[in-house]
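Spelled out, the chains give:
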Amino acid sequence: MERTAVVYTSKYGATEKYARWIGEELECPVFSLDNFSKGQLDNYDNIIYGGGVQAGGIKGFDKFKKWIKPLIGQPEKKIVVFAVGLNVDNTDGRMQLRDINFDKGEFRQLTCYFMGGAYDPAQRKGIDKALMSMVHKMLTDKGLNMNEDERTLLDRIEKGCDLVSRQQIEPLVKEFK
């Protein structure tokens, strides 16, 4: 197997859980972005990056994009991304996420896998709580005009949810086996 590494950013643990599962399946090292450096990219042929979704952005991905920009398109390097969130199970949510995070030409060619996250309203504080309150208000202001996906997201925000499942890593793992 080619040399593979998983790099991730995780605030509440769901992305880390996926990263560790991927590392187990591919028998490769797993690094937090905080414990990984740009220079280490040279040690791996395959790089898998994962981050949680917050306000449409993939956490840590802007920093990681700067590191990988010169590597995109090199035939000896394969770079894949996975995004973890509450609203990634619908097509519109995925398209919006791609538009926000893969906005430049060279990044458009990266494959992105989408995996369900976890949310516990009682655990959120500060900016995270404020962001979710804004989303909640935007959704409730729609009232009867909410579509099914928006009602599902509102329910997840209000009640909390755990969408994390090891099965969600299977397509990504299959790409590297």
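What you see is a predicted model, and the numbers here were worked out from it, not measured in a lab.

**Q** Can you walk me through the layout of surface pockets in this structure?
**A** One way to see where empty space is left: roll a probe the size of a water molecule over the atoms. Counted as a void, the largest pocket has a volume near 1,100 Å³. Along the walls of the largest pocket sit 41 residues, with Val 53, Gln 54, Ala 55, Gly 56 and Met 132 positioned nearest its centre. Those elements that provide at least two residues to the lining of the largest pocket are α1 (14-26), β3 (46-54), β5 (78-85), α3 (91-101), β7 (118-119), α5 (126-142) and α6 (148-159). With 8 residues, the single largest contributor to the lining of the largest pocket is α5.

**Q** How should I be thinking about the pairing of strand β6 (residues 111-116) in this particular structure?
**A** In regular strands, side chains alternate between the two faces of the sheet. Counting buried positions along β6 gives 5 out of 6 residues, so the element sits mostly inside the fold. The pairing of β5 with β6 spans 6 bridges and is classified as parallel. What sits directly across from Val 80, in β6, is Thr 111.

**Q** I would appreciate a short explanation of the pattern of salt bridges in the present structure.
**A** Should their charged atoms come close, side chains of opposite charge can pair. Using the criterion set out here, one finds 14 salt bridges in the structure. Residues Lys 177 and Glu 25 are paired through a salt bridge, measuring 3.7 Å at the closest nitrogen-oxygen approach. Here Lys 177, found in the segment after α7 (170-176), pairs with Glu 25, found in helix α1; they are 152 residues apart in sequence, far enough to count as distant. Across the pair Lys 69 and Glu 106 runs a salt bridge whose closest N-O atoms are separated by 3.4 Å. Of the two residues, Lys 69 is situated in the loop between α2 (61-68) and β5 and Glu 106 in helix α4 (residues 105-108); the sequence distance between them amounts to 37 residues. Judged by relative accessible area, which is 46%, Lys 69 ranks as partly exposed. Members of the salt-bridge network, linked through shared partners, are Glu 24, Glu 25, Arg 166 and Lys 177.

**Q** So what exactly am I meant to see when it comes to α2 here?
**A** Because an α-helix packs 3.6 residues into every turn, residues spaced three or four apart end up facing the same way. Of all the residues in α2, the buried ones are Phe 61, Phe 64, Lys 65, Trp 67 and Ile 68. Buried residues of α2, viewed axially, fall in a sector of 160°; they line one side. Looking at α2, the residues exposed on the side facing more than 90 degrees away from the buried face are Asp 62 and Lys 66. Structurally, α2 contributes buried residues whose contacts are with β1 (4-9), β3, β4 (57-58), β5, α3 and α4.

**Q** Just to check I follow, could you spell out the environment of Ile 157 for this structure?
**A** For Ile 157, the location among the structural elements is in helix α6. Separated by 71 residues in sequence, Ile 157 and Leu 86 have C-alpha atoms that sit 8.6 Å apart. Apart from residues no more than four positions distant in its own chain, Ile 157 is found in contact with Tyr 119, Pro 121, Met 132, Val 135, His 136 and Leu 139.

**Q** Any chance you could explain the nonpolar core here in plain terms?
**A** In summary, soluble globular proteins display a tendency toward joint burial of nonpolar side chains. Counting residues in hydrophobic clusters, the biggest one holds 26 residues, and the most contacted among them are Phe 64 and Leu 110. For this core, the elements supplying multiple residues, two or more each, are β1, β3, α2, β5 and β6. A per-element tally of this core places α2 first, with 4 residues. Residues within four places of Phe 64 in sequence aside, it is in contact with Val 7, Leu 33, Leu 41, Ile 47 and Tyr 49. Formed by 20 residues, the second largest nonpolar core is a distinct cluster that contains Val 6, Ala 19, Cys 28 and Val 80.

What counts and what doesn't
- Residues numbered from 1 in each chain as written.
- Predicted model: local features only at pLDDT ≥ 70, side-chain atom pairs only at ≥ 80, totals over all residues.
- Heavy atoms only, no water.
- 1 Å grid on protein atoms, 1.4 Å probe; cavity = no way out; pocket = protein on both sides within 12 Å on 5 of 7 lines; lining within 4 Å.
- Points joined across faces, edges and corners; volume = space filled by probe spheres on them.
- Helix = DSSP H or I, 4+ residues; strand = E, 2+ residues; numbered from the N terminus.
- Buried < 20%, exposed > 50% of the residue type's maximum accessible area, 1.4 Å probe, protein only.
- Pairing = 2+ DSSP bridges.
- Salt bridge = Lys/Arg side-chain N within 4 Å of Asp/Glu carboxyl O.
- Arc of directions from axis to C-beta.
- Contact = heavy atoms within 4.5 Å.
- Core = buried A, V, L, I, M, F, W, Y, C linked by side-chain atoms within 4.5 Å.

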